[in-house]
Amino acid sequence: QVQLGESGGGLVQPGGSLRLSCAASGRMFSINAMGWYRQASGKQRELVAVITSGGSTNYADSVKGRFTISRNSALNTAYLQMTNLKPEDTATYYCNADVTTSITTTGRFWGQGTQVTVSS
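Residues numbered from 1 in each chain as written. Predicted model: local features only at pLDDT ≥ 70, side-chain atom pairs only at ≥ 80, totals over all residues. Heavy atoms only, no water.

Engineer: Outline the pattern of salt bridges, supporting the account with residue identities and numerical values.
Structural biologist: Summed over all chains, the structure comprises five salt bridges. Arg38 serves as the salt-bridge partner of Glu46, at 2.7 Å between the closest nitrogen and oxygen. Take Glu46: its relative accessible area is 36%, and that puts it in the partly exposed class. Residue Arg38 is classed as buried on the basis of its relative accessible area of 6%. Between Lys64 and Asp61 there is a salt bridge, with its nearest N and O atoms 3.1 Å apart. Owing to a relative accessible area of 48%, Lys64 belongs among the partly exposed residues under this scheme. Residues joined by salt bridges that share partners form a network here, namely Arg38, Glu46, Arg66 and Asp89. (Salt bridge = Lys/Arg side-chain N within 4 Å of Asp/Glu carboxyl O. Buried < 20%, exposed > 50% of the residue type's maximum accessible area, 1.4 Å probe, protein only.)

Engineer: Could you give an account of the sheet that holds strand β7 (residues 67-72), naming the residues involved and the relevant values?
Structural biologist: Taken together, the four strands give an open sheet; going across it, the order is β1-β3-β8-β7, and neighbouring strands pair in antiparallel fashion. On the outer flanks of this sheet lie β1 (2-7) and β7, each paired with one strand and no other. Strand after strand, the sheet turns through a mean of 15 degrees between neighbouring axes, direction not considered. (Pairing = 2+ DSSP bridges. Helix = DSSP H or I, 4+ residues; strand = E, 2+ residues; numbered from the N terminus. Axes fitted to C-alpha atoms, helices over the stretch in contact; angles between N-to-C directions.)

Engineer: Can you lay out the layout of surface pockets for me, pointing to particular residues and giving the numbers?
Structural biologist: Quantified by volume, the largest pocket comes out at close to 170 Å³. Forming the walls of the largest pocket are Arg38, Ala40, Lys43, Gln44, Glu46, Ser62, Arg66, Lys86, Glu88, Asp89, Thr90 and Ala91. Considered class by class, the residues forming the lining of the largest pocket number two nonpolar, three polar and seven charged. (1 Å grid on protein atoms, 1.4 Å probe; cavity = no way out; pocket = protein on both sides within 12 Å on 5 of 7 lines; lining within 4 Å. Points joined across faces, edges and corners; volume = space filled by probe spheres on them. Nonpolar A, V, L, I, M, F, W, Y, C, P; charged D, E, K, R; others polar.)

Engineer: Outline the packing of aromatic side chains, listing residues and values.
Structural biologist: With the rule as written, the count across this model stands at one aromatic pair. Aromatic pair Tyr37 and Trp110: ring centres 5.0 Å apart, planes at 65 degrees, arrangement edge-to-face. With a gap of 73 residues between them, Tyr37 in strand β4 (residues 30-39) and Trp110 in strand β10 (residues 106-110) connect regions that are remote in the sequence. The class for Tyr37 is buried, based on a relative accessible area of 17%. The ring of Tyr79 has Arg19 sitting right over it, with the charged end atom 4.1 Å from the ring centre. Its end group placed over the ring of Trp110, Arg45 keeps NZ or CZ at 4.7 Å from the ring centre. (Phe/Tyr/Trp six-rings, centres within 6.5 Å; stacked < 30°, edge-to-face > 60°. Lys NZ or Arg CZ within 6 Å of the ring centre and 35° of its normal.)

The structure is reproduced here in structure tokens:
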């Protein structure tokens, strides 16, 4: 089984920065795409950013220019650097990874979530 452990959430003032980390562990042949999603209270979960194994990235329009996703393949870890945070960024942030766990099996795994609150 694959586990994703997130860290780095917290309370920050508007305009501030946070860096989220997501470390994958367990039985893995390879990690394909890794991404960050978020879910605000009363809203659906939405994609924030995704990075492929080749390093290609994609972002939600609402975070372009403010958030940067990156990964360290040697550490099986993805990061989300968030700058110029706004109150509307407040949400629970979830890490997601598409992992090949055997020759014939690829699965999608989720972290437990980390809370980000942007408030003065």
